[in-house]
Amino acid sequence: FTVRQQADAKSGSMNWRVCPVKNDNAMESDNPMNNRRSSITTKPAKDQYTVVIVGFAHMHINDVAACFYENHRICLAACADTVPVVPELNEGPYTRGWNLRFAREHFGIRKVYQDYAAMLDEEKPDLAIITSENAWHRQIVQDCAMRGVDVCIEKPMAMSYGDALTMARDAQAT
């Protein structure tokens, strides 16, 4: 998928739209996005967007969070880590605990939840930044889709092509 900014013909406001990218290597019948326009609709622009972070497994959450923090229309409201697939052996720079503390201290995140699903239910964010272990991506995207929460997910999007298709279908169904 790619994200493109488009002007709304009626209102003239700018909206973001998720668009499929044609992949010649993908089988036509397996890809729900081929041969039709994306059914993912855009939402009208708001003055402020509530954004949450799910997962601190990767050090680049600090760079990603900084980009969102610098946008005056973004409120980084809360965060939650996921249960590690493999526990960390020590605590130091760029470990998940360090990443979480760094985000709280530098980006003004006041609420930390133990359970990301509870955070999604209570905060009702517009967007979730997902930087958990890759193995968690499908479940978190499904949980966000059920609640109508858009996602910004790191690469790789999914552990398998099948998981990616499931995630795309979940997003389309909302």
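About the cut-offs
Residues numbered from 1 in each chain as written. Predicted model: local features only at pLDDT ≥ 70, side-chain atom pairs only at ≥ 80, totals over all residues. Heavy atoms only, no water. Buried < 20%, exposed > 50% of the residue type's maximum accessible area, 1.4 Å probe, protein only. Helix = DSSP H or I, 4+ residues; strand = E, 2+ residues; numbered from the N terminus. pLDDT = per-residue confidence, 0-100. Contact = heavy atoms within 4.5 Å. Pairing = 2+ DSSP bridges. Axes fitted to C-alpha atoms, helices over the stretch in contact; angles between N-to-C directions. Right-handed = clockwise from strand over helix to strand, strands pointing away.

Asker: Teacher, can you tell me more about helix H4 (residues 137-146) here?
Answerer: Because the α-helix completes a turn every 3.6 residues, residues three or four places apart line up on one side. Within H4, 7 of the 10 residues are buried, which leaves it mostly tucked inside the rest of the structure. Regarding H4, the residues found buried are His137, Ile140, Val141, Gln142, Asp143, Cys144 and Ala145. Within two residues after H4, Gly148 carries a phi angle of roughly 75°, on the positive side.

Asker: Looking at this structure, I do not really get the confidence of the model for the protein. What am I missing?
Answerer: A low pLDDT score tells you not to read the predicted coordinates there in detail. When pLDDT is averaged along the protein, the result is 82, and 75% of the positions lie at 70 or above. Taken together, the stretch residues 16-40 has pLDDT below 50 and engages in 47 contacts with residues farther than four places along the chain or on a different chain.

Asker: Help me understand the sheet that holds strand S3 (residues 49-54), please; the structure alone is not making it clear to me.
Answerer: Adjacent strands of a sheet pair through backbone hydrogen bonds, lying either parallel or antiparallel. Spatial strand order, S5-S4-S3-S6-S7: 5 strands in an open sheet with parallel pairing. For this open sheet the edge positions go to strand S5 (111-113) and strand S7 (150-153), each flanked by a neighbour on one side alone. The average undirected angle you get between the axes of adjacent strands in this sheet is 30°.

Asker: Even after reading the chapter, I still don't get the pairing of S3, so can you show me in this structure?
Answerer: Side-chain direction in a regular strand flips from residue to residue, so the side chains alternate between the two faces of the sheet. Sheet analysis places S3 next to strand S4 (residues 74-80), joined by 6 bridges and oriented parallel. Within S4, the position partnered with Val54 by the bridge is Ala80. In the classification by handedness, the crossover that spans S3, the intervening helix H1 (residues 61-69) and the parallel S4 is right-handed. Strand direction decides the pairing type here: S3 and strand S6 (residues 127-130), joined by 4 bridges, are parallel. Following the sheet pairing, Val54 is matched in S6 by Ile130.

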